[in-house]
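Fold and geometry: a report
What follows is the residue order along each chain.
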Amino acid sequence: MAILQSLGRETHFSAAEGVPYRLSEYPHGIVRHSAKEYVLGNTHTQIIDGYWSQIKRQIVGTHHWVSKKHLGRCVAGSSWRYNRRRTGEGGRVNDLMASLPVASHTRR
């Protein structure tokens, strides 16, 4: 799976029960929500739950609807903002500007 290929060997993977992939080669923990278990030491799903909650609010509150065609771009934009949520506005603008391709303009 693509997600497993992007993880470093030092990654601790947290999952809820019923996760469709096996993580035996990674340090991992599983919480059992059916047993009212939500945190087990350093294992929890609160970050991903909060992330998906933000995406849903963005779609319902801002876009109102997103097609399959544009869902990936919507999630990518949300991920970019979420990963910079503790960065000030100026830092986010600087990150955005640094990620843009530099245009080469020549005057005639």
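Our structure is the block above this text.
Heads up: these notes are all about the structure in this document. The residue numbers shown here count from 1 along each chain, following its written sequence. Local features in this predicted model are restricted to residues of pLDDT 70 or higher, and side-chain atom pairs are both shown and tallied only at a pLDDT of 80 or more, whereas totals for entire chains, interfaces and linings draw on every residue. The side-chain quantities take in all heavy atoms of the structure and omit both hydrogens and water.

Comments concerning a nonpolar patch on the surface
Residues with no salt bridge and a relative accessible area higher than 30% make up the patches, which join like charges within 9 Å and nonpolar side chains (Val, Leu, Ile, Met, Phe, Trp, Tyr) within 5 Å. Where accessible areas are quoted, they stem from the Shrake-Rupley method and a 1.4 Å probe; at the residue level, only the protein chains shown are allowed to cover. A side-chain nitrogen of Lys or Arg and a carboxyl oxygen of Asp or Glu constitute a salt bridge if their distance falls within 4 Å. Judged by side-chain polarity, Val93, Leu96, Met97 and Leu100 come together as a nonpolar surface patch covering roughly 360 Å² of accessible area. Going along the chain from the N terminus, every DSSP run of H or I of four or more residues is numbered as a helix, and every run of E of two or more is numbered as a strand. Mapped onto the elements, Leu100 comes out in the segment after α4 (89–99). Partly exposed describes any residue whose relative accessible area lies between the buried limit of under 20% and the exposed limit of over 50%, with all areas from a 1.4 Å probe on protein chains only and scaled to the type maximum. Owing to a relative accessible area of 43%, Leu100 belongs among the partly exposed residues under this scheme.

Describing the nonpolar core
Buried residues of nine kinds, namely Ala, Val, Leu, Ile, Met, Phe, Trp, Tyr and Cys, make up a nonpolar core once their side-chain atoms join them within 4.5 Å. Membership of the largest hydrophobic core is limited to 5 residues, which are Tyr51, Ile55, Ile59, Cys74 and Tyr82. Listed by contribution, the elements that provide at least two residues to this core are α2 (46–63) and α3 (68–83). Broken down by element, the residue count for this core peaks at 3 residues, all from α2. Two residues qualify as a contact provided that any one of their heavy atoms is within 4.5 Å of a heavy atom in the partner residue. Residue contacts for Ile55: discarding those within four places in its chain leaves Val75 and Ser78.

Let's talk about the environment of Lys56
Here Lys56 lies in helix α2. Relative accessible area serves as the criterion here: at 55%, Lys56 is assigned to the exposed category. Spatially, the C-alpha atom of Lys56 lies 9.9 Å from that of Val75, the residues being 19 residues apart in sequence.

Thoughts on the pattern of salt bridges
Applying the stated criterion across every chain yields a total of 2 salt bridges. As a salt-bridge pair, Glu37 and Arg32 come within 3.4 Å of each other at their nearest N and O atoms. The salt bridge involving Asp95 is made with Arg84; its shortest N-O contact spans 3.1 Å. A residue pair is termed long-range when its members are at least 10 positions apart, and Asp95 in helix α4 and Arg84 in the loop between α3 and α4 qualify at 11 residues. Since its relative accessible area comes to 32%, Asp95 is described here as partly exposed.

Describing the packing of α2 against α3
Interhelical geometry of α2 versus α3 gives an angle of 120 degrees and a closest axis separation of 10 Å. If you check the angle between α2 and α3, you find them oblique. Remark: the crossing between α2 and α3 carries right-handed chirality. Contact with α2, carried on its side by Ile47, Tyr51, Gln54, Ile55, Gln58, Ile59 and His63, involves Leu71, Cys74, Val75, Ser78, Ser79, Arg81 and Tyr82 of α3 and no other residues of that element. Each axis is a line fitted through C-alpha atoms, taken for helices only over the stretch in contact, and angles between the N-to-C directions span 0 to 180 degrees. The labels follow the angle: roughly parallel below 35 degrees, roughly antiparallel above 145, roughly perpendicular from 65 to 115, and oblique for the rest. If you view the pair so one helix is near and one far, a crossing is left-handed when the near helix is turned anticlockwise from the far one by less than a right angle, and right-handed when it is turned clockwise.

Describing the pairing of strand β2 (residues 28–31)
By the alternation rule, side chains of β2 split into Gly29 and Val31, which are all buried, and His28 and Ile30, of which none is buried. By this definition, two strands are paired if DSSP reports at least two bridges between them. With 4 bridges joining them, strand β1 (residues 13–16) and β2 adopt parallel strand pairing. Paired with Ala15 across the two strands is Ile30, which belongs to β2.

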